[in-house]
Amino acid sequence: MTRSGFVLSRAELVCDDIPLSAIAAAVGTPLYVYSGATIRARYRALDEAFDGYPHRLHYALKANSTFAVVQLLRQLGSAVDANSIWEVEVARQAGFGAADVVFTGVGKSLHELAQAVPLGLRAINVESPGELERIETLAARFGLVARVAIRVNPDIDAGSHPHISTGLRINKFGVPKDIARDLMTSIGSRPHLKLVAIHVHVGSQITSLAPLRSAAAFLAQLATELDARGLRLEYLDLGGGLGISYDGADVLSARDYVAALVDEVRSTGLPIVIEPGRSVIGPAGVLVGTVIDIKRRAEDSDFAVLDAGMTELMRPALYGAYHRIEPVKAAAGGTRHYELVGPVCESTDVVGRDRMLPTLSVGDLVAIHDAGAYGAAMASNYNRRPLPAEVLVDNGQWRLIRRRQTVDDLLALER
Ligand SMILES: *Cc1c(COP(=O)(O)O)cnc(C)c1O
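Here the structure is a predicted model, which means the values were calculated and not measured.

Trainee: What am I meant to see in the pattern of salt bridges here?
Mentor: In a structure, side chains of opposite charge can pair up when their charged atoms sit close to one another. In this structure the tally under the stated criterion is 21 salt bridges. Linking K108 and E131 is a salt bridge whose minimum nitrogen-to-oxygen distance equals 2.9 Å. Taken together, the residues K108 in the loop between strand 7 (101–103) and helix 5 (110–116) and E131 in helix 6 (residues 129–142) connect sequence positions 23 residues apart. Close ionic contact of R147 with E234 constitutes a salt bridge, the shortest N to O distance being 2.7 Å. Here R147 is found in strand 9 (residues 146–153), whereas its partner E234 is found in the loop between helix 8 (209–228) and strand 12 (235–237), with 87 residues between them in sequence.

Right, here's the structure in full:
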């Protein structure tokens, strides 16, 4: 392979050397394409950055749980972080064992907990005293000891978008520090519970080291306190959140990120768990769309209407997220100003605002970059739009890993 990932080769975008236009011609658009080489490289970069320090990567399934992606990560040695009992089920069907799964999530229903407790997962990451009681009651009923971690809200500002910050007291996530301390102490005398870890996750798309470092320091300090009281943990779960570069600017490297975590935690001697989602899969995927209409917006600007919009990639509509967009084949000729919009009946269905691009024509393919995380996973059927097809390029070949949904698939649930 010349260069892995999504690069220009002979004036056309390829994925691990395979032209996106060839895949789109065979599968149609809208279409997600993932680079196996990029997934492998990004997973390994995080894994190797620990440099011998005991650790486990629990890939956050919610970023992208398309089955073949999950299976590839399992081959690479990853464990998983599941955010619902249904993600736990996907992990199990992909071959993960109970000890490979941590179950997180701010609202686990009684139904979900009743299914999770007997599985003996590596940990259920607990979000409240009430949830801990529900787990305890279930464990007692099943006659077993539930392995739990307490997710602590450290009251740290992740500095990312308010919609994806989770570590402040005002956010709904985790147990406030003081309550968490009492809860942990109480577990010592509750025979159906075993405290195996403490957990923080302060947000997503974090681009500065400070909040990640503070969260790790906070957890290490808490572990030291617990240790002094005779409560020995098995590991520290530092969550996910490492940001990626959506606009091409420099971001934290895997190496610097992991070095900071290890630096803060080393004195405890405890193994580290991290739950990376976006940083593994985000840059490994593009959403390919077709220009289906061009119309005048202003004297010097056009709307380019794509067949890919908020139903396929919700992030721009949801948080005003920026994604680089470029034509799959650069046309010879000038550039023009565009507002790239989706086909859905919502004014927020804009995938790229205010862009200068090579002149586009109806029928042209465009690639929306860094769409591997929180892209396909958040897609919806609004306007009865079928969920898009997904393709994985790996080992020199591409294959359809999720066929495009059909209206019959949808109606099958209603007949
Ligand atoms: C969403 C989430 C993650 C993954 O976050 P990324 O920013 O994608 O790395 C990890 N842990 C928990 C608890 C989460 O909710």
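Trainee: Would you explain the layout of surface pockets in this entry?
Mentor: Over the atoms, a rolling probe the size of a water molecule traces out where space has been left empty. There is about 560 Å³ of room inside the largest pocket. Around the largest pocket, the lining comprises 27 residues; the ones closest to its centre are K62, N83, F173, H201 and Y374. The residues that make up the lining of the largest pocket include at least three from each of domain 1 (6–35 + 282–411) and domain 2 (36–279). In this structure, the second largest pocket encloses a volume near 400 Å³. In terms of lining residues, the second largest pocket is bounded by 23 residues, among which T38, R42, S279, P283 and D370 are the most central. Residues of the lining of the second largest pocket, tallied by class, amount to 11 nonpolar, 9 polar and 3 charged. Two domains each provide a minimum of three residues to the lining of the second largest pocket, namely domain 1 (6–35 + 282–411) and domain 2 (36–279).

Trainee: What is the right way to look at the site of the ligand in this model?
Mentor: With respect to spatial proximity, 16 residues lie near the ligand, and among them K62, S204, E275, R278 and Y374 are the closest. A distance of 2.7 Å is found between an oxygen atom of the ligand and a side-chain nitrogen or oxygen belonging to K62. Here an oxygen atom of the ligand and a backbone polar atom of R278 are 2.8 Å apart. The fraction of the free accessible surface of the ligand (390 Å²) that becomes covered by protein chains is 96%. Its atoms largely coinciding with the cavity grid, the ligand occupies the largest pocket.

Trainee: How do you make sense of the pairing of strand 11 (residues 193–199) when you look at a structure like this?
Mentor: The side chains of a regular strand alternate, residue by residue, between the two faces of the sheet. Taken across its 7 residues, strand 11 has 6 buried, putting it largely inside the fold. Relative to strand 11, strand 9 runs parallel, the two sharing 6 bridges. Residue A149 lies in a different strand from strand 11, and its bridge partner there is A197. Of the crossover connections in this fold, the one passing from strand 11 over helix 8 to the parallel strand 12 is right-handed.

Calculation rules
Residues numbered from 1 in each chain as written. Predicted model: local features only at pLDDT ≥ 70, side-chain atom pairs only at ≥ 80, totals over all residues. Heavy atoms only, no water. Salt bridge = Lys/Arg side-chain N within 4 Å of Asp/Glu carboxyl O. Helix = DSSP H or I, 4+ residues; strand = E, 2+ residues; numbered from the N terminus. 1 Å grid on protein atoms, 1.4 Å probe; cavity = no way out; pocket = protein on both sides within 12 Å on 5 of 7 lines; lining within 4 Å. Points joined across faces, edges and corners; volume = space filled by probe spheres on them. Domains from an automatic or database assignment. Nonpolar A, V, L, I, M, F, W, Y, C, P; charged D, E, K, R; others polar. Near = heavy atom within 4 Å. Polar contact = N/O pair within 3.5 Å; in protein donor to acceptor, adjacent residues only side chain to side chain. Areas by Shrake-Rupley, 256 points an atom, 1.4 Å probe, with all protein chains shown as cover. Sits in = over half its atoms within 2 Å of the grid points. Buried < 20%, exposed > 50% of the residue type's maximum accessible area, 1.4 Å probe, protein only. Pairing = 2+ DSSP bridges. Right-handed = clockwise from strand over helix to strand, strands pointing away.

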